[in-house]
Amino acid sequence: MNLSSINVQELEVILREENSEIQLIDVREEREADIAFLPQFQLFPLSQYEQWSDKIKTVFKPELETIVICHHGIRSANMCQWLISQGFTKVKNVSGGINAYAVYIDSSIPRY
C-alpha cells in the first residue's frame, strides 16, 4: 500500500484552520516533546505502544483524517502503516517531521 504524506507547508495550513475533524498524533518520545512540540498534537510515544495500542480506536475515530508526525518522518510512517492495519482510512504522514517544520515553518521550534 502506498502511504499518503503531506509536507510541512500543508501541515501549517491545516494547523491554522483548527479543524476539529482532523486528528493529530505525535509518536516521538516524551523527552523529545520536551524539546520541541506542536501543541495541537497528542503524544503517543511508540515506546509506550503496549500502553495505548488497544485503546487507539477509543481515543481516535478511524474514519477521520489522521495526521502523524515524528522527528524526521520514519517512525510516523510506521505508525501510519499500523493505523491503516487497524482500519483507519485517511492517514497521512508528515514528511520530514518536526525537524522540517522547524526548518521551513517555525524557526522558534528548537531542533535536536
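Treat the numbers as computed from the prediction; the structure is a model and nothing was measured. (Residues numbered from 1 in each chain as written. Predicted model: local features only at pLDDT ≥ 70, side-chain atom pairs only at ≥ 80, totals over all residues. Heavy atoms only, no water.)

Enquirer: Can you break down the sheet that holds strand S1 (residues 5-6) residue by residue, with the values?
Expert: Taken in spatial order, the 5 strands line up as S1-S5-S4-S2-S3 in an open sheet, and their pairing is parallel. The sheet is open, and its two borders are formed by S1 and strand S3 (42-43), each paired with just one other strand. Looking at chain direction, strand S4 (residues 65-69) and strand S5 (residues 91-94) are connected through 3 bridges and run parallel. Looking across to S5, one finds that Thr-66 is bridged to Val-91. Lying over the sheet, helix H5 (residues 74-85) contacts strand S2 (22-26), S4 and S5, oriented at roughly 175° with respect to S5. (Pairing = 2+ DSSP bridges. Helix = DSSP H or I, 4+ residues; strand = E, 2+ residues; numbered from the N terminus. Contact = heavy atoms within 4.5 Å. Axes fitted to C-alpha atoms, helices over the stretch in contact; angles between N-to-C directions.)

Enquirer: Explain the environment of Arg-111 residue by residue, including any values.
Expert: Structurally, the position occupied by Arg-111 is in the segment after helix H6 (97-104). Since its relative accessible area comes to 54%, Arg-111 is described here as exposed. Along the chain, Arg-111 and Tyr-101 lie 10 residues apart, while their C-alpha atoms are 9.6 Å from each other. Setting aside anything within four residues of it in sequence, one finds Arg-111 in contact with Asn-99, Ala-102 and Val-103. (Buried < 20%, exposed > 50% of the residue type's maximum accessible area, 1.4 Å probe, protein only.)

Enquirer: Now, about the environment of Gly-97: what can you tell me, with residues and values included?
Expert: Here Gly-97 shows up in helix H6. Along the primary structure Gly-97 and Ile-69 are separated by 28 residues, whereas in three dimensions their C-alpha atoms are 5.4 Å apart. Apart from the residues within four sequence positions on either side, Gly-97 is in contact with Val-8, Ile-69, Cys-70, His-71, His-72 and Gly-73.

Enquirer: Quick rundown of the packing of aromatic side chains? Include the residues and the values.
Expert: Applying the stated criterion across every chain yields a total of 5 aromatic pairs. Judged by centre distance (5.3 Å) and plane angle (80°), the rings of Tyr-49 and Trp-82 are edge-to-face. Of this pair, Tyr-49 sits in helix H3 (residues 49-52) while Trp-82 is found in helix H5, placing the two residues 33 residues apart along the sequence. Members of the aromatic cluster, joined through ring pairs, are Phe-44, Tyr-49, Trp-52, Phe-60 and Trp-82. (Phe/Tyr/Trp six-rings, centres within 6.5 Å; stacked < 30°, edge-to-face > 60°.)

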